[in-house]
Amino acid sequence: MDVIAQAMSAIVPGGVKRGELACGRRVLRWVEAGTGGPTVVLDAASGTPALTWTPVVSALAGHTRVIAYDRAGLGASDPAMPVTVNSAVDDLSALISHTGNGACVLVGHSWGGMLAQLLAWAHPELIAGLVLVDPAHEDFQPWTLRAAEAALTWPSVLSRALGSADRSLPGQAAREAGKRSGDPRVQDLLVEAELACTAHAYHTRTRTAESRLLRTHIPAVRQLRARSQLPDVPVVVLSATRGLPKGLRTRWTSLQAQIAATTVRGEHIVVPDAGHYIHDSRPEAVTTVVLTVVDLARDGQAPR
């Protein structure tokens, strides 16, 4: 088992197992835990590995099967160049189809939240529910989105976005690991896993490529949103409250509220005292909502 899976296994009761799927000449990888359905699939922010979901995997796995997914070129997954919006959506579709348990509850954070919407528009049959965690929006300027992703909690994201030297990463990763566990052995595994996510040059290339995608696809995404509808499933959009100047945060939150308002089964929740990485600063808020959507998907109900 690789160090990323080992680290997550040290945190998640019962451990995790590695899953993988060959897509052409590359292999996509994820960790999964729990049993039951619908499966919850977690898709992270721009340039961010699945390791970022560690704070919520345990609680979710106690109720249903959960998959924390590394997009191509991130975490444990093989690289893909060029990185495109279509390749990211196609990979996510292939992953969900491959898991074999039918439609999933898809949870997307930031850029992952945009990809979740794109997949839901293109393949509604794969979606049993949506949870969008401070999702990206094409009308929120990309430079402010990148600033938001850099301002928050995941140590390597902050360091890389600000251009810090690689030697600063071990200390940041160690501080973050200290929040996850008081066990020095587990802390060491978490640090090693975080550093493994930055070990290859293609990780940097993938992060750079992903950071450009929304900017270059704004017109196309606007057109898609204008003519598309989210599937008739439970949809919850979570908005953060910290990490940006008030005016920018208000604008972004307003756009996120509009996403929820496009469907009668949508709900918008503003999470107090939450940074952009809500699943890090307020993990219980994310797990509560995801498990509610899982239950609603099972029952075929709306979230109100």
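Residues numbered from 1 in each chain as written. Predicted model: local features only at pLDDT ≥ 70, side-chain atom pairs only at ≥ 80, totals over all residues. Heavy atoms only, no water.

Examining the overall build of the protein
Regarding its fold elements, the protein presents 13 helices and eight strands. Sorting the 304 residues of the protein into buried and exposed places 57% on the buried side. Of the contacts formed within the protein by residues at least 6 apart in sequence, a portion of 74% connects residues at least 24 apart. A total of about 12,000 Å² of accessible surface is found on the protein, and carbon and sulfur atoms cover 53% of it. (Helix = DSSP H or I, 4+ residues; strand = E, 2+ residues; numbered from the N terminus. Buried < 20%, exposed > 50% of the residue type's maximum accessible area, 1.4 Å probe, protein only. Contact = heavy atoms within 4.5 Å. Areas by Shrake-Rupley, 256 points an atom, 1.4 Å probe, with all protein chains shown as cover.)

Here we look at the side chain of R26
Checked against the element boundaries, R26 lands in strand β2 (residues 26-33). Once residues within four sequence positions are removed from consideration, R26 is found in contact with L21, A72, D78, P79, A80 and D91.

Observations regarding unusual backbone geometry
Omega for the peptide link from G37 to P38 comes to 0°, which places this bond in the cis form. The residue P38 is located in the loop between β2 and β3 (40-43) in this model. Positive phi, normally seen in glycine, also occurs at D273, with a value near 55°. As for its position among the elements, D273 is in the loop between β8 (266-270) and α12 (278-281). With relative accessibility at 54%, the residue D273 sits in the exposed group.

Examining the packing of helix α2 (residues 54-61) against helix α13 (residues 283-299)
Where α2 meets α13, the axes come as close as 9 Å, and the angle between the chain directions of the two elements is 40°. Relative to α13, α2 is oriented so that their crossing is right-handed. On α13, the residues touching P55, V56, A59 and L60 of α2 are P283, V286, T287, V290 and L291. Along the lines of polarity and charge, the residues of the contact of α2 with α13 split into eight nonpolar, one polar and no charged. (Axes fitted to C-alpha atoms, helices over the stretch in contact; angles between N-to-C directions. Left-handed = near helix turned anticlockwise from the far one by under 90°. Nonpolar A, V, L, I, M, F, W, Y, C, P; charged D, E, K, R; others polar.)

A closer look at helix α11 (residues 246-261)
An α-helix turns once per 3.6 residues; consequently, residues spaced three or four apart project the same way. For α11, built from 16 residues, the straight-helix expectation of 22 Å at 1.5 Å per residue is met to within 8% by its first-to-last C-alpha distance of 22 Å. Turning to α11, its buried residues number three or more, namely R249, W252, T253, L255, Q256, I259 and A260. One side of α11 carries all its buried residues, which in axial view fall inside an arc of 160°. Seen from the buried face of α11, the exposed residues on the opposite side, beyond 90 degrees, are K246, G247 and A261. (Expected span 1.5 Å × (residues − 1). Arc of directions from axis to C-beta.)

Quick notes on the pairing of strand β7 (residues 235-239)
Burial analysis of β7 places five of its five residues in the buried class, which makes it a mostly covered element. Burial along β7 is two-sided: V235, V237 and S239 facing one way and V236 and L238 facing the other are all buried. Inspection of the sheet shows strand β6 (residues 127-133) paired to β7 by four bridges, in the parallel sense. When the bridges of β7 are listed, V133 appears paired with L238. A crossover connection joins β7 to the parallel β8 through α11; in handedness this β-α-β unit is right-handed. (Pairing = 2+ DSSP bridges. Right-handed = clockwise from strand over helix to strand, strands pointing away.)

Considering the nonpolar core
The biggest cluster of nonpolar side chains holds 43 residues, and the ones touching the most others in it are V40, L42, V107 and L238. Not counting chain neighbours up to four residues away, the residues in contact with L42 comprise W53, V56, V57, L60, V66, I67, A68, Y69 and V107. Listed in part, the 41 residues of the second largest apolar core include L106, L115, L126 and L130. (Core = buried A, V, L, I, M, F, W, Y, C linked by side-chain atoms within 4.5 Å.)

Some thoughts on the packing of helix α3 (residues 85-99) against helix α4 (residues 111-122)
Packing of α3 against α4 leaves a shortest axis separation of 10 Å and a crossing angle of 70°. Classed by the angle they form, the pair α3 and α4 counts as roughly perpendicular. Taking contact as the criterion, the partners of V85, A88, V89, L92, S93 and I96 in α3 are, on α4, W111, L115, L118 and L119. Partitioning the contact of α3 with α4 into residue classes produces nine nonpolar, one polar and no charged. (Parallel < 35°, antiparallel > 145°, perpendicular 65-115°, else oblique.)

What to know about the pattern of salt bridges
Within the structure shown, the criterion is met by 14 salt bridges. When the shortest N-O distance is used, the salt bridge between R18 and D2 registers 2.8 Å. Within this pair, whereas R18 is found in strand β1 (residues 17-23), its partner D2 is found in the segment before α1 (3-11), the two being separated by 16 residues in sequence. According to the relative accessible area criterion, R18 is partly exposed, its value standing at 23%. Owing to a relative accessible area of 29%, D2 belongs among the partly exposed residues under this scheme. Here E20 ties to R29 by a salt bridge, and the two come within 3.3 Å at their closest N and O atoms. Among the charged side chains, a network of salt bridges with common partners joins E20, R29 and D78. (Salt bridge = Lys/Arg side-chain N within 4 Å of Asp/Glu carboxyl O.)

Side note on the environment of L195
Looking at the secondary structure, you find L195 in helix α8 (residues 184-196). For L195, a relative accessible area of 29% translates into the label partly exposed. Taking the C-alpha atoms as reference, L195 lies 9.9 Å from G75; in sequence the two are 120 residues apart.

So far we have only geometry, and geometry alone does not tell us how the molecule works.
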